[in-house]
Amino acid sequence: AVVKSAANRRPGDMLDMIFVVNDSLEWHRSNLERNKNDYSMYSRIIGCHGVTKLQRTKGAKIYFNTLIPYDNLLIKYGVIDFLEFSEDLSNWKNLYVAGRLHKPVNILTVDREKTNNISTLLEKNLEAAVSTALLQLPDSFDETQLFCKIAEISYRGDFRMIFGEDRQKIANIVDANIESFRLLYQSHLDSVDGLIWDKMNGNFQQDLSED
C-alpha cells in the first residue's frame with residue numbers, strides 16, 4: 001500500500017499487501033491449511049490447484065484475498081510468483097504490481113538470496129517511471145506535477161478513474177506522501193542529464209532541445 005493514504009486512513013480502508021513467492025501452488029497449499037477463512041467459499045472448493053491456475057492464467061497474474069480482519073485493521077493481500085513479478089517490473093507486462101511500486105511503499109524481504117535481484121528490479125522500474133513522466137512534461141514544472149505524472153502511469157486506461165474512483169485520488173496520494181516521493185526518486189532524478197532540480201523551491205527545468 002502507499003505509505004500514507006490521501007486524507008489519512010478512514011474507517012473501512014484496507015491495508016494492501018503483496019507477497020512475492022517462489023511457488024504459488026505450495027504457498028496457497030500451506031495458507032489454505034493455516035488460514036482457509038481468508039479465502040472465498042469458491043476458492044476453498046477449487047483448492048490450491050484451482051486458485052493457482054486462476055492466479056497464473058488470468059489478468060495481472062496475481063491472486064487477492066480481501067477484507068481480512070487483523071489487529072483492528074482490514075487487510076487485502078495478493079500473491080504473485082517471482083517470475084511474473086520480475087516480468088512486470090522489467091517490461092511492464094501488466095503494469096499492475098509495477099505501477100503500485102511507482103509509489104512509496106514499505107518493502108519487507110525475507111528471502112536474502114533474492115534481495116539483490118528485487119532491489120535491481122525496483123530501481124529499473126523507478127528509472128522507467130521517471131523517463132516516461134519526463135517525456136510528458138514541458139521544460140518547466142514542479143515536484144507535484146512530476147510525481148502526479150508518475151503516480152498516474154498505472155491508472156492510464158483504467159475506466160474507474162472516469163466512473164467510480166475519486167477523481168482527486170492521484171493528487172491526494174502525492175500530496176500526502178510528497179516527502180516520501182522525493183526520497184524515493186532523488187537518486188534517479190539527480191542522474192538525469194539535462195534536468196535541473198531546484199530542491200529549495202521544488203521546481204524542475206529540463207532541456208528539451210534536440211542535439
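Preceding block: the structure.
None of these values were measured; they are calculated from a predicted model.

Undergrad: Describe the side chain of His 28, and please don't skip the residues or the numbers.
TA: Relative to the helices and strands, His 28 is located in helix α1 (residues 24-34). If we ignore the near neighbours within four places in the chain, the residues touching His 28 are Tyr 39, Cys 48, Val 51, Thr 52, Gln 55, Tyr 63 and Val 79.

Undergrad: Talk me through the sheet that holds strand β1 (residues 14-21); I want residue IDs and the actual numbers.
TA: Strand order in this open sheet of three strands is β1-β3-β2, and the pairing throughout is mixed. Strands at the two margins of the open sheet, each flanked by one partner only, are β1 and β2 (63-70). Each strand of the sheet is rotated relative to its neighbour by a mean of 25 degrees, with strand direction disregarded. Two elements, β2 and strand β3 (residues 73-81), share six bridges in a ladder whose sense is antiparallel. Each bridged residue has a counterpart across the sheet, and for Ile 68 the counterpart in β3 is Ile 75. Strands β2 and β3 of the sheet are contacted by helix α2 (residues 41-57), whose axis makes an angle of about 55 degrees with β3.

Undergrad: A description of the side chain of Asn 125 should follow, citing residues and the corresponding values.
TA: Take Asn 125: it is sitting in helix α5 (residues 112-134). Within the structure, the side chain of Asn 125 is placed 3.0 Å from the backbone oxygen of Ala 98, a separation counted as a polar contact. At 3.1 Å, the side chain of Asn 125 and the side chain of His 102 are in polar contact. Among residues more than four places away in sequence, those in contact with Asn 125 are Leu 89, Trp 92, Ala 98, Leu 101 and His 102.

Undergrad: Just give me the short version of the sheet that holds strand β6 (residues 203-206), but keep the residues and values in it.
TA: With antiparallel pairing, the three strands of this open sheet are ordered in space as β4-β6-β5. In this open sheet, the two edge strands, each paired with only one partner strand, are β4 (140-142) and β5 (195-198). Averaged over neighbouring strand pairs, the angle between their axes works out to 20 degrees when direction is ignored. Across the sheet, helix α6 (residues 143-151) lies against β4, β5 and β6, angled at about 80 degrees from β4, the strand it touches most. Contacting β5 and β6, helix α8 (residues 178-190) runs over the sheet at an angle of about 140 degrees to β5.

Undergrad: Describe in detail the environment of Lys 114, supporting the description with residues and values.
TA: Structurally, the position occupied by Lys 114 is in helix α5. Separated by 32 residues in sequence, Lys 114 and Phe 82 have C-alpha atoms that sit 9.3 Å apart. Non-local contacts of Lys 114, meaning those with residues more than four positions away in its chain, are made with Asn 22 and Phe 82.

Undergrad: Let's hear about the packing of aromatic side chains: which residues, and what values?
TA: If you walk through the whole model with that rule in mind, you get 11 aromatic pairs. With 5.7 Å between their ring centres and 75 degrees between their planes, Phe 19 and Tyr 77 make a pair best called edge-to-face. Here Tyr 77 lies in strand β3 and Phe 19 lies in strand β1, a separation of 58 residues in the sequence. Taken together, the ring pairs connect Phe 19, Trp 27 and Tyr 77 into an aromatic cluster. The aromatic ring of Phe 64 is capped on one face by Lys 76, whose charged end is 5.3 Å from the ring centroid. Between the NZ or CZ atom of Lys 199 and the centre of the ring of Trp 197, over which it lies, the distance is 4.9 Å.

The rules behind the values
Residues numbered from 1 in each chain as written. Predicted model: local features only at pLDDT ≥ 70, side-chain atom pairs only at ≥ 80, totals over all residues. Heavy atoms only, no water. Helix = DSSP H or I, 4+ residues; strand = E, 2+ residues; numbered from the N terminus. Contact = heavy atoms within 4.5 Å. Pairing = 2+ DSSP bridges. Axes fitted to C-alpha atoms, helices over the stretch in contact; angles between N-to-C directions. Polar contact = N/O pair within 3.5 Å; in protein donor to acceptor, adjacent residues only side chain to side chain. Phe/Tyr/Trp six-rings, centres within 6.5 Å; stacked < 30°, edge-to-face > 60°. Lys NZ or Arg CZ within 6 Å of the ring centre and 35° of its normal.

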